[in-house]
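This is what each chain is made of:
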Amino acid sequence: MHATELLERYDAGERNFSEIDLSNVDLSQQNLSGATFIKAKLKHTNLEGAYLFGVNFKHSYIVDTNLANAQLCGANL
């Protein structure tokens, strides 16, 4: 999935993105607070400076993902 599609769905109120493939997607500086990414694939995903308050990454594949300066308060990794 491309960043623009994910952000449009998030802005429309969708929060469940379970089993989504976000490999090589740039979501730096984006607000994805409260989203669910259970069993998601985040390989080479850029989440630098993203707002990820309360995000659920349970059972996700997170490899070479940039989480520098991301806000992860209450996130489930």
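Counting from 1, residues in each chain are numbered in the order their sequence is written. Reporting in this predicted model follows two pLDDT cut-offs: at least 70 for local features of residues, and 80 or more for side-chain atom pairs to be given and counted; totals over whole chains, interfaces and linings ignore these cut-offs and use all residues. Side-chain numbers here rest on the full set of heavy atoms in the structure, without hydrogens or water.

**Describing unusual backbone geometry**
Consideration 1: For E19, which is not glycine, the phi dihedral falls at a positive 60°.
Consideration 2: Numbering goes from the N terminus for both helices and strands, where a helix is a DSSP run of H or I of at least four residues and a strand is a run of E of at least two. Tracing the backbone shows E19 in the loop between α1 (3-11) and β1 (41-43).
Consideration 3: Classification of E19 as exposed rests on a relative accessible area of 60%.
Consideration 4: Located in the positive-phi region is N69, a residue other than glycine, with phi close to 60°.
Consideration 5: Tracing the backbone through its elements, the reader meets N69 in the segment after β2 (61-63). For every residue, the accessible area (1.4 Å probe, protein chains only) is compared with the maximum for its type, and the residue is labelled buried under 20%, exposed over 50%, or partly exposed between those bounds.

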